[in-house]
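One letter stands for each residue in the lines below.
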Amino acid sequence: MRKILLSSIIIVIAITFLGRLSYLQIFSFSTDHVLEDPAIKAVYDYPERGYIYDRNGKLLVGNDPAYDVMVIPREVKPLDTLEFCDLLGIDKEKFIDKLRKARVYSPRLPSVLVPQLSKQDYAKLQEKMRKYKGFYIQKRSLRYYDTPSAANVLGYISEVNEGDLAVNKYYVQGELKGRTGVERYYEDLLRGRKGVQYIQKDRFNRDIGPYKEGAIDTLPEQGKQISITIDKTLQEYGELLMNGKRGGIVALEPSTGEILSMISGPTYDPALLVGRERSKNYTKLYNDTIANPTWDRSIHAQQPPGSPFKTLNALIALQEGVMDESSTIQCFHGFYVGKTKRGCHCGGGMRDMNKGIYMSCNAYFAGTFRKIFEHFDTTDEAMDVWEKHMRSFGLGDYLGYDLPFGQKGRIPNKEYYDKWYGDNRWSSSYIISNSIGQGEILATPVQLANMTAAIANRGHYFTPHILKKIEGKDITEPKFTEAKHTTIDPKYFEPVVQGMADVYRKKGGTAYWLQIPDIEIAGKTGTAENFTKIDGVRTQLTDHSVFVAFAPVDNPKIAIAVYIENGYFGSRYAGHIATLMIEKYLKGEITRKDLEKRMLEKTLEAEYAKPYSGEEFKINERVW
Amino acid sequence: MSGRNILKRIDWLSVFIYFALVFIGWINIYSSTFTDEHSTIFDFGTLYGKQLFFIGVSLVAIVIILALEVNFYERFSSVLYLLSMASLLGLFVFGKTIAGATSWYDLGFFNLQPSELAKVATALALAKYLSDIQTDIKRRKDQFYALLILLIPALLIIPQPDPGSALVFFALIFVIFREGLPLFYLAIVVSLILIFVITLMFGTIWLSIGLVLLIILLFGFKRKSLKIPVIPLTLISVAVILFSLSVNFVFNNVFEQRHRDRFGLWLRLEKDPNKLEQIRKSIGYNTYQSEKAIESGGFFGKGFLEGTRTKGDFVPEQHTDYIFSTVGEEWGFLGTATVIILFSVLFLRLISLAERQKNAFARMYGYGVISILLIHYFINIGMVIGILPTIGIPLPFFSYGGSGLLFFTILLFIFLRLDTNRLKESF
């Protein structure tokens, strides 16, 4: 017993030690220790962020040099504070405070004293800089915007936060990252790859030479130059037209799905989110929760689409063979649901499909909708077919464009109504509003534009996308270059397209007076009812003005959706803007100066202010 | 005995492990004190150069030890003991203070640490006393004298202050146990340590509940005929609970905050992970850094001279008490396991050597050597890998330090010299 006591102790100790060591060195060990090692400092060499061009090669976003005044507190020698502050353009108290903070952060390491000097200040300062020991100027690169528009599409960059760091190990504190739009989606392309140089440090944080003689250091990789599908001229023009209005405009090239312009109103100058005023401006924009300029309405605002939706119901009726283009339905200046009458603006009379579309007859489409549902044995079955067709146009789900997801809109299905009304306790009459794009249907402007492109292409569309070229080479991603086919046979599109063309062509068409000389254009107005709560009371607001169009009718070059909140009739604001945008894009020149002038000058600010005025809300006032 | 006979009979396994450890130790000292200003390994201005010099001195010492008559050590052990105690006393007058501890004599070219000499002398003296024909370790009086031999150097070293070195002498109690001190004493010491730790970790109430459960477990299933010793059990229980309560009192009222922090860190008494992390980085800074360095080595290590934390001097005292962390960082688990295995094999080998001695003095001295080396190894590595509280004593054959290396070498080789003569009952 005594003899083996000590031997046992030795063995127990050995096992304990080996256990602890294997815990430390085998189980707790992580391989990416180089960056976590306090003895190794990574010094980064940042490549220039890639430029962004428009579809025609015009510069949208570049880089601008900026100059930070840096300080290493330990090396600062007594100086003429007054003169130096004067050169820097800050007051003495602020200077002393900044210097104190820098010293608290680290006496040995550089801190930013004055960020982002202007070129003028830099020029003044540069020649005198050597007089001030411990201070130096560090050049860095800021985003430069060669356009006051497209802030929502381009997005902005800002410093990475804790969340980013946790998700992506590439970033380190203080680096910049694309936040929204293209800057975010194509962050990896634009950013390039920083070069890393590992430096061995001692415990006082002093450099003592390269780590492993630089064996694992890397060179920076340049950011890529990209072209996006936006047409700079059209985008800027659209934003001018959007002046004082809220809503979204999306224009697509139907043959490719390229986004020609994507406008959200109100918007802001992207240059506001660069430089010294950035955080002040950002707070101001972000805190405007009523107009919400940072909210991209073109992809986020899901609203009832209104009458443009009628065209899809017409297509479904043709596809399912429940009607043909000459089938007629009587309009009684409205139609009846049970004993209640729903109104119609078209003037009343017998309507065939052509008239139904260009006059935007509610009764005709309510009838069509009923017929679709009567065609099937059960409501459920009919609902499934209807939903399938609708979804094939890219509605009711994320479209998959290379921008922030946006919203998916809503195409209600049978489960939705079963939940609402109870199983088998509803029929087509309950959901008749869907026939005219009201009711439960929601869509975003980009979805409406895509739907229009699908009609323009007579049955297929290309997923809308924003990236056109990388380093001058066209993109080849199948997701964007392969057509998606709708469930409607191409042969059924012609009558609907002709109806949409007659919206402009025929007297009595809802946009007859908006046609463009020499260009055949097809479109559809929409006037969408909408509600809000004012002081807790559900109130109907002035209708949204909606318009979808494409042109030319044969071989379309542009498909557009315009959604103007509370703009009343579809032909009014949205119709004007759509026709102007199309003319601008196809001709490059506006011939109807009166229309243009009206759109540039008229604003809806008064309309938007009404719900907050405290006075009783008056709906659909005639403004002009 | 001729020199050739000595070389034939010396235990080459122990000698081999000794040289292996010294070599590995020096490699790591080289790495942890290496700077990029290249100079030769014989540059005595550098720490690794100095250590190499002491390795040379140790080799000379080995030759002398092996050359001396074998009965020299037994005969002069008392004198040596007295001399070393005198040298410890002398420190109070002539001692040189380094880092707050007056533990050195300044000999000009190097600083001598007499407590290292005292370890050898005490091991010899204890062996001599216990092997004396008139000593009977079963007798209380003799037990007391044996303990006194250990206590005197310990008491002289504590006020330097160097509690770590003082602790080493208590390890020699193992020798007395080997020679017949009732294990009852050991049981009491172990129980007291256990009660201390359990009280701090779980509190007196849980300790009492555990005690009751233990008693039920021990006696609950025994045959009914067996009488349960109620009165002694009650007395023991009361004693345990009283001790536990006094632990609480001492811990909270007598200990200083830094002691409480050390224990708190060791036993992970602080439950808030943020606060614990803070304590680890302040009080436990050395251990924290050394643990991190070892952890960063992984299985294969970063390679010789590639330890970034070693290069950056992140672990304080790395070439002395924390040398093992260099092994961990640069040589990984392979290196640390090798060192642990080398030490374990050496200890087990020395036990078998001790057990084969015909001569009682040699056997007891052997046990003394093992006890001293073992406690250094246990406390040092335990501290470096973060399972024991911080107690600053060196790792034998490894840590930088002339006195340490020299006297550990002397300690070991005196035993190996005695071992060459193992077949004779007396010298």
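Thresholds, definitions, all that
- Residues numbered from 1 in each chain as written.
- Chains lettered and ligands numbered in written order.
- Predicted model: local features only at pLDDT ≥ 70, side-chain atom pairs only at ≥ 80, totals over all residues.
- UniProt positions renumbered as here; feature names shortened; annotations may be inferred.
- Pairing = 2+ DSSP bridges.
- Helix = DSSP H or I, 4+ residues; strand = E, 2+ residues; numbered from the N terminus.
- Buried ≥ 20, exposed ≤ 12 C-beta atoms within 10 Å, placed from the backbone.

- Labelled according to an unreviewed UniProt entry, chain B appears under the name Rod shape determining protein RodA, originating from Maribacter arcticus.
- On record in UniProt, under Subcellular location (unreviewed entry), the comment for chain B is "Membrane".

- Looking up chain A in an unreviewed UniProt entry gives the name Penicillin-binding protein 2, with the organism given as Maribacter arcticus.

Topic: the pairing of strand β3 (residues 59-71) of chain A
All names here are of chain A.
Now for step 1: For strand β2 (residues 52-53) and β3, the ladder comprises 2 bridges, and the chain directions are antiparallel. Its bridge partner lying in β3, Y53 is registered against L59.
Now for step 2: Linking β2 back to β3 in an antiparallel pair, the connection comprises 5 residues, with G57 at a positive phi of about 85°.
Now for step 3: Bridge count between β3 and strand β5 (residues 135-145): 11 bridges; the pairing is antiparallel. The residue of β5 that forms the bridge with A66 is R140.

Considerations on the pairing of strand β21 (residues 522-534) of chain A
Residue and element names in this part refer to chain A.
Now for step 1: Relative to strand β22 (residues 537-551), β21 runs antiparallel, the two being bridged by 12 bridges. Across the sheet, residue A528 finds its bridge partner in β22, namely H544.
Now for step 2: Where β21 folds back onto β22 in an antiparallel hairpin, the turn is made up of 2 residues, including D535, whose phi is positive at roughly 50°.

Observations concerning unusual backbone geometry
Now for step 1: Cis geometry marks the peptide bond from G265(A) to P266(A), where omega comes out at -5°.
Now for step 2: With respect to the helices, strands and loops of the structure, P266(A) is situated in the loop between β12 (258-265) and α10 (278-287).
Now for step 3: For the bond from Q160(B) to P161(B), the omega torsion is -5°, close enough to zero to count as cis.
Now for step 4: Even without being glycine, N566(A) reaches a positive phi, approximately 55°.
Now for step 5: Its place among the elements puts N566(A) in the loop between β23 (558-564) and α20 (573-587).
Now for step 6: With 23 C-beta atoms counted inside 10 Å, the residue N566(A) sits in the buried group.
Now for step 7: At Y568(A), a position not held by glycine, the phi torsion is positive, near 65°.
Now for step 8: Its place among the elements puts Y568(A) in the loop between β23 and α20.

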